[in-house]
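# Examination of the molecular architecture
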Amino acid sequence: VIVANPQDTLKELMEKRKKEKEDIKTEVVTTTQTIPMIKNEIFLDFSYFKTIVDNEKDQSYLIQKTKELLTVQTSATLELGKILEEVAEHLLKQGSPNGVFEKFLEYNGINVKSARRYRYRYQLYTRAKKNIKPIVALLSVREIDYLHKCPEILEDMTDDITLKEAKELLKVEEVKKIKQEY
């Protein structure tokens, strides 16, 4: 809020307001994104768009927008996981009484199970090899839960694995584990 100084002319006052607005815009623009844009199609399969649209221009457009959506979704999910992990670690180090983290989640409108999933994804993402990180970011909730229970599978993933291959590997490993339990 700008308080007018009687000595300021109208022009000076308008310039101050303009500068404040520019400063606000700059702050918004300069926020950093920790997760890189999903650009690489090596691990993704966009062939579906060929089945719904004949025009290559429209296919490219839909693929680009899908990449943008995936980038926003994965970035937000991983950022939430990072923040929740930091809060959980901080509270643990401080020796906070039981229930403080849950109350923090409740205050912020985050379900306890969702918070756990965000943290699992973030933990696995930080442990993953550089080329596997985008795969971890794109796995389903169920796949993340399973991978969290069996993190050694993460080490078995090769650098050239695709998202589809990673999902198939997790299914095979899950079936093996179920068979071993019976």
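Thresholds, definitions, all that
- Residues numbered from 1 in each chain as written.
- Predicted model: local features only at pLDDT ≥ 70, side-chain atom pairs only at ≥ 80, totals over all residues.
- Heavy atoms only, no water.
- Helix = DSSP H or I, 4+ residues; strand = E, 2+ residues; numbered from the N terminus.
- Buried < 20%, exposed > 50% of the residue type's maximum accessible area, 1.4 Å probe, protein only.
- Contact = heavy atoms within 4.5 Å.
- Areas by Shrake-Rupley, 256 points an atom, 1.4 Å probe, with all protein chains shown as cover.
- Expected span 1.5 Å × (residues − 1).
- Polar contact = N/O pair within 3.5 Å; in protein donor to acceptor, adjacent residues only side chain to side chain.
- Axes fitted to C-alpha atoms, helices over the stretch in contact; angles between N-to-C directions.
- Parallel < 35°, antiparallel > 145°, perpendicular 65-115°, else oblique.
- Core = buried A, V, L, I, M, F, W, Y, C linked by side-chain atoms within 4.5 Å.
- pLDDT = per-residue confidence, 0-100.
- Phe/Tyr/Trp six-rings, centres within 6.5 Å; stacked < 30°, edge-to-face > 60°.

### Remarks on the overall build of the protein chain
- Each helix and strand counted, the protein chain has nine helices and zero strands in total.
- Along its sequence from the N terminus, the protein chain presents helices and strands in the succession α-α-α-α-α-α-α-α-α.
- Here the protein chain holds 182 residues, and 29% of them are scored as buried.
- A separation of at least 24 residues holds for 60% of the contacts in the protein chain among residues at least 6 apart in sequence.
- Surface exposure of the protein chain reaches about 13,300 Å², of which carbon and sulfur atoms provide 54%.

### As for helix H5 (residues 112-127)
- For H5, built from 16 residues, the straight-helix expectation of 22 Å at 1.5 Å per residue is met to within 8% by its first-to-last C-alpha distance of 23 Å.
- What H5 keeps buried is the set Ala-115, Tyr-120, Arg-121, Gln-123, Leu-124 and Tyr-125.
- On the buried face of H5, the contacting elements are helix H3 (56-94), helix H4 (100-107), helix H6 (133-138), helix H7 (141-149) and helix H8 (152-156).
- For H5, the side-chain oxygen to backbone nitrogen distance between the N-cap and Lys-113 is 2.7 Å, and the N-cap itself is Asn-111.

### Things to note about the packing of H3 against H5
- Here H3 crosses H5 at 100°, and the two axes come no closer than 7 Å. Here H3 lies roughly perpendicular to H5, going by the angle between them. Here H3 contributes Thr-77, Leu-78, Leu-80, Gly-81, Lys-82, Leu-84, Glu-85 and Ala-88 to the contact with H5, which in turn contributes Ala-115, Tyr-118, Arg-119, Arg-121, Tyr-122, Gln-123 and Tyr-125.

### So, the nonpolar core
- Ranked by internal contacts, the top residues of the largest apolar core, which has 27 residues, are Ile-132, Val-136, Leu-154 and Met-157.
- For this core, the elements supplying multiple residues, two or more each, are H3, H5, H6, H7, H8 and helix H9 (163-181).
- Take this core: its biggest share by element is four residues, from H6.
- In this structure, Val-136 is in contact with Arg-121, Leu-124, Tyr-125, Ala-128, Ile-144 and Leu-154, ignoring residues within four places of it in sequence.
- Listed in part, the eight residues of the second largest apolar core include Leu-84, Val-87, Leu-105 and Ile-110.

### Here we look at the confidence of the model for the protein chain
- In this model, the protein chain carries a mean pLDDT of 82, and residues with pLDDT of at least 70 account for 81%.
- At the level of individual helices and strands, the protein chain shows its lowest average pLDDT in helix H1 (residues 10-29), which scores 62, and its highest in H5, which scores 96.
- The low-confidence segment residues 25-35, where pLDDT is below 50, has seven contacts with residues more than four positions distant or belonging to other chains.

### Observations regarding the packing of aromatic side chains
- Enumeration according to the criterion identifies three aromatic pairs in this entry.
- Judged by centre distance (5.8 Å) and plane angle (65°), the ring pair of Tyr-48 and Phe-49 falls under edge-to-face.
- For Phe-49, a relative accessible area of 13% gives the class buried.
- Aromatic side chains Phe-101 and Phe-104 sit 6.2 Å apart centroid to centroid with 25° between the ring planes, which places their arrangement in the stacked category. Of this pair, Phe-101 and Phe-104 both sit in helix H4, separated by three residues, roughly a single helical turn.
- Residue classification places Phe-101 among the buried positions, given a relative accessible area of 14%.
- Cluster of aromatic residues (ring-pair linked, three or more members): Phe-46, Tyr-48 and Phe-49.

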